[in-house]
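One letter stands for each residue in the lines below.
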Amino acid sequence: MMLMKRNAVVILFLFLWLSGASVATAQGRIRMKHYGAEQGLRSPGVNCLAQDRDGFIWIGTNMGLTRFDGARFHTYVPRFGTHGAFGMQPRCLAADSLNRLWIGTKLGIFVFDIATSSFSHYEHRKLPPEGYYDAIATDSSGRYVWTRCRGQVWRIDVLTDSVVAAEATGASLPAWTQ
């Protein structure tokens, strides 16, 4: 839980930092630097952020997937033959413990292997092949990925390649059904 809070703070800080906002503190003002095309960020439209296990910041923009190492930006765009290049617009990102990024798009879920810089399209018969994937998260083991598409929450078990849908159970947490 503490790791999740720390990551949320880091992501919020980066969002403010990338948008050029200023933050007031008790000792004064913290100076923020604005990043844009001149610094290498190919698109001003930032849709989502994630941090990988090595500390790199991954940015989903309207022009693709961009990595920020603290000094430089590098944009990764799959070849157009790779399932439509995921619409070029990641809508949600999650880094897992196995050094992969899970990318939600309007064309489905894609997985970016950070070590090989390669994209693959994650397909499963139970998941909608296309739709607006607008949320994605992973657990610390790298086994489970949760995503949401068209208002439905799905849990992907990466080890068994199984997918289950969450059913609303009143005011309680969702129940997972086969």
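Here, every reference points to the structure presented above.
Summarised in this report is the structure supplied together with it. None of the values given here were measured: they were computed from a predicted structure.

Procedures and definitions
- Residues numbered from 1 in each chain as written.
- Predicted model: local features only at pLDDT ≥ 70, side-chain atom pairs only at ≥ 80, totals over all residues.
- Heavy atoms only, no water.
- Helix = DSSP H or I, 4+ residues; strand = E, 2+ residues; numbered from the N terminus.
- Pairing = 2+ DSSP bridges.
- Axes fitted to C-alpha atoms, helices over the stretch in contact; angles between N-to-C directions.
- Core = buried A, V, L, I, M, F, W, Y, C linked by side-chain atoms within 4.5 Å.
- Buried < 20%, exposed > 50% of the residue type's maximum accessible area, 1.4 Å probe, protein only.
- Polar contact = N/O pair within 3.5 Å; in protein donor to acceptor, adjacent residues only side chain to side chain.
- Contact = heavy atoms within 4.5 Å.
- Salt bridge = Lys/Arg side-chain N within 4 Å of Asp/Glu carboxyl O.

**Thoughts on the environment of Arg125**
Part 1: Along the chain, Arg125 falls in the loop between strand E10 (118-122) and strand E11 (133-138).
Part 2: Through-space distance from the C-alpha of Arg125 to that of Val163 is 8.7 Å; in sequence the pair is 38 residues apart.

**A word on the sheet that holds strand E8 (residues 100-105)**
Part 1: Strand order across the open sheet formed by four strands is E7-E8-E9-E10, with antiparallel pairing between neighbours. At either end of the open sheet lies a strand with only one pairing partner, and these are strand E7 (92-95) and E10. In this sheet, neighbouring strand axes are inclined to one another by 25° on average, regardless of whether the strands run parallel or antiparallel.
Part 2: Bridging between E8 and strand E9 (residues 108-113) involves six bridges; their strand directions are antiparallel. By the bridge assignment, Leu101 is partnered in E9 with Phe112.

**So, the nonpolar core**
In globular proteins that are soluble, nonpolar side chains generally tend to be buried together.
Part 1: In this structure, Trp102, Ile109, Tyr122, Leu127, Ile136 and Ile156 are the most contacted members of the largest nonpolar core, which totals 15 residues.
Part 2: With twelve residues, the next largest nonpolar core counts Leu65, Ile103, Phe110 and Ile114 among its residues.

**Description of the pairing of E11**
Each regular strand carries side chains that alternate between the two faces of the sheet.
Part 1: As judged from the five bridges shared by E11 and strand E12 (residues 144-149), these two strands associate in the antiparallel manner. Among the inter-strand pairings, Thr138 is bridged to a residue of E12, identified as Val145.
Part 2: In textbook terms, the turn of a hairpin is the stretch between consecutive antiparallel strands, and for E11 and E12 this stretch comprises five residues, one of which, Gly142, has a positive phi near 85°.

**As for the side chain of Ser43**
Part 1: Inspection of the secondary structure assignment puts Ser43 in the loop between strand E2 (28-30) and strand E3 (46-51).
Part 2: Within the structure, Ser43 has its side chain in polar contact with the backbone nitrogen of Gly45 (distance 3.2 Å).
Part 3: Those residues in contact with Ser43 that lie beyond four places of it in its chain are Thr61, Asn62 and Met63.

**Remarks on the pattern of salt bridges**
Part 1: Applying the stated criterion across every chain yields a total of four salt bridges.
Part 2: Of the charged contacts in the structure, one is a salt bridge between Arg143 and Asp157, with a shortest N-O distance of 2.7 Å. Highlighted residues: Arg143 in the loop between E11 and E12 and Asp157 in strand E13 (residues 152-157), separated in sequence by 14 residues.

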